[in-house]
Amino acid sequence: MTILVTGGAGFIGSNYVLDWLAQSDETVVNLDKLSYAGNLQNLASLKDDSRHVFIHGDIGDAKRVPELLAKYQPRAVVNFAAESHVDRSIHGPGEFVQNNIVGTYQLLESVRAYWAALPASAKAAFRFLHISTDEVYGSLDKNDPAFTESHAYAPNSPYSASKAASDHLVRAWHHTYGLPVLTTNCSNNYGPYHFPEKLIPLVIVNALAGKTLPMYGDGQQIRDWLYVKDHCSAIRRVLEAGKPGETYNVGGWNEKANLDIVRTICGLLDGLRPRVDGKSYADQIAFVIDRPGHDRRYAIDARKIERELGWKPAESFDTGIAKTVQWYLSNQDWVANVQSGAYRDWVVAQYGATVAA
Ligand code: NAD
Ligand code: TYD
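Computed from a prediction, not measured in an experiment: that's the story for all the values here. (Residues numbered from 1 in each chain as written. Chains lettered and ligands numbered in written order. Predicted model: local features only at pLDDT ≥ 70, side-chain atom pairs only at ≥ 80, totals over all residues. Heavy atoms only, no water.)

**Student:** Tell me about helix 4 (residues 93-116), and please be specific about residues and values.
**Tutor:** Over its 24 residues, helix 4 extends 33 Å from the first C-alpha to the last, a length consistent with the 34 Å expected when each residue adds 1.5 Å. Gly103 marks where helix 4 bends most, by close to 30 degrees. Turning to helix 4, its buried residues are Phe96, Asn99, Asn100, Gly103, Thr104, Gln106, Leu107, Leu108, Ser110, Val111, Tyr114 and Trp115. (Helix = DSSP H or I, 4+ residues; strand = E, 2+ residues; numbered from the N terminus. Expected span 1.5 Å × (residues − 1). Bend = angle between axes of the 7 residues up to and from the residue. Buried < 20%, exposed > 50% of the residue type's maximum accessible area, 1.4 Å probe, protein only.)

Structural data, given as structure tokens:
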């Protein structure tokens, strides 16, 4: 048996591929276009593992994707591929429209044609699992109830709008064509291999480098935080037991203000790697101009996935953030390669032979 994972060289996708192969011998075909966010070094431990087939390509390739589906005959597609950074979407929304909306549309069309021609039993068992975000629901006020699966979509950034559009396409391909889709809407992930443009890795990396820790606006914006390995276990569970056509909200029950997140990281670093001048890393916090259209609060009500599929997160924020800070301290080479851009050469230098043409 085989699954096709798209975007499996990015932060969550690479954690998912590693997690999957740690628990199963089912082959993973990993299709990723290796944008700046794709890093095959994350998958270095799979270099000689025949259960992982890496394909350098685009989900929007209407010729290549059908060929891959025909060749590898996956029983499921897990779609992580997307542009994912809100700040980048503000400065260059076109890439988000292209990859997240047009790309998902084209992938759905390729998968639909493949699925329609499957024998009846394989057709019934097939799943298309689309990975989405809580950001599609828009912003909450302080005392609003958390997002349930029936909350109206109200995206505010080019990123969240592009994800919302892709979710709607996935939904329509189920209702119109019967494609057995599942959608997960997850809160902010953190953990190993997180690209240091996002808040948590950026703060760890900047703190250690003696740089400022930028807090947008007043730093009181609230996010729910989920350790990435918990997200991986949720996706595995939804793929295994989710009901086609359903969506599942995935969250960590960890609502935190950004400033509290940054202070927690500084406190951990103060203990594990004290500054030479004896001062706290928190002295590096600098309040900067706010992000345009910045959503104030996201919160996930994750009771449906717990009730129907028996999933809940294993990590608290305290345990997850401690593991994450420790991972960055122990993987300074990974950070250095990302910052220098060397991770992009690494594909050819060390992985080249196993990258399928
Ligand atoms: P990421 O930016 O780290 O990785 C995205 C990966 O997708 C990269 O490897 C990139 O090369 C690849 N990719 C992009 N466009 C592609 C295309 N057209 N064809 C093939 N590959 C393509 O993102 P991430 O943080 O790992 O997020 C993965 C998914 O999870 C995204 O769909 C994102 O919207 C969603 N999500 C992320 C979070 C989070 O906190 N990071 C939370 C909820 C949902
Ligand atoms: P981010 O990690 O970009 O995720 P998202 O925007 O998808 O939630 O940002 C998390 C929060 O941290 C968000 O409210 C923006 C804020 N933020 C900062 O205050 N400073 C920063 O340098 C970054 C990258 C984010």
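Past the structure itself, the notes keep going.
**Student:** Talk me through the site of ligand 2; I want residue IDs and the actual numbers.
**Tutor:** Close to ligand 2 lie 16 residues; Glu135, Leu199, Pro214, Arg291 and His294 are nearest. At a separation of 2.8 Å, a nitrogen atom of ligand 2 approaches a polar backbone atom of Pro214. Within the complex, 96% of the 510 Å² of free accessible area of ligand 2 lies under protein. Among the secondary structure elements, those contributing two or more residues to the shell around ligand 2 are helix 7 (199-208) and strand 8 (213-216). Among the elements that line the shell around ligand 2, the one with the most residues is strand 8, at 3 residues. Taken together, the residues that form the shell around ligand 2 break down as 6 nonpolar, 5 polar and 5 charged. (Near = heavy atom within 4 Å. Polar contact = N/O pair within 3.5 Å; in protein donor to acceptor, adjacent residues only side chain to side chain. Areas by Shrake-Rupley, 256 points an atom, 1.4 Å probe, with all protein chains shown as cover. Nonpolar A, V, L, I, M, F, W, Y, C, P; charged D, E, K, R; others polar.)

**Student:** Lay out the site of ligand 1 in plain terms, naming residues and giving numbers.
**Tutor:** Near ligand 1 there are 28 residues, and of these Ile12, Asp32, Ser84, Tyr159 and Lys163 occur at the shortest range. The contact in question runs from an oxygen atom of ligand 1 to an N or O atom on the backbone of Phe11, over 3.0 Å. Within the backbone of Leu34, a nitrogen or oxygen atom sits 3.4 Å from an oxygen atom of ligand 1. Look at ligand 1: alone it shows 840 Å² of surface, and the protein chains cover 97% of it. Counted by class, the shell around ligand 1 contains 12 nonpolar, 12 polar and 4 charged residues.

**Student:** Can you break down the packing of aromatic side chains residue by residue, with the values?
**Tutor:** Scanning all chains against the criterion turns up 18 aromatic pairs. When the centroid spacing of 4.9 Å and the interplanar angle of 65 degrees are considered together, the rings of Tyr193 and Trp327 count as edge-to-face. Here the residue Tyr193 occupies a position in the loop between strand 7 (188-190) and helix 7, and Trp327 occupies one in helix 11 (residues 317-330), the gap between them amounting to 134 residues. Following the ring pairs from residue to residue traces out a cluster consisting of Tyr190, Trp225, Tyr227 and Phe317. The ring of Trp115 carries Lys123 above its face, with NZ or CZ at 4.7 Å from the centroid. (Phe/Tyr/Trp six-rings, centres within 6.5 Å; stacked < 30°, edge-to-face > 60°. Lys NZ or Arg CZ within 6 Å of the ring centre and 35° of its normal.)

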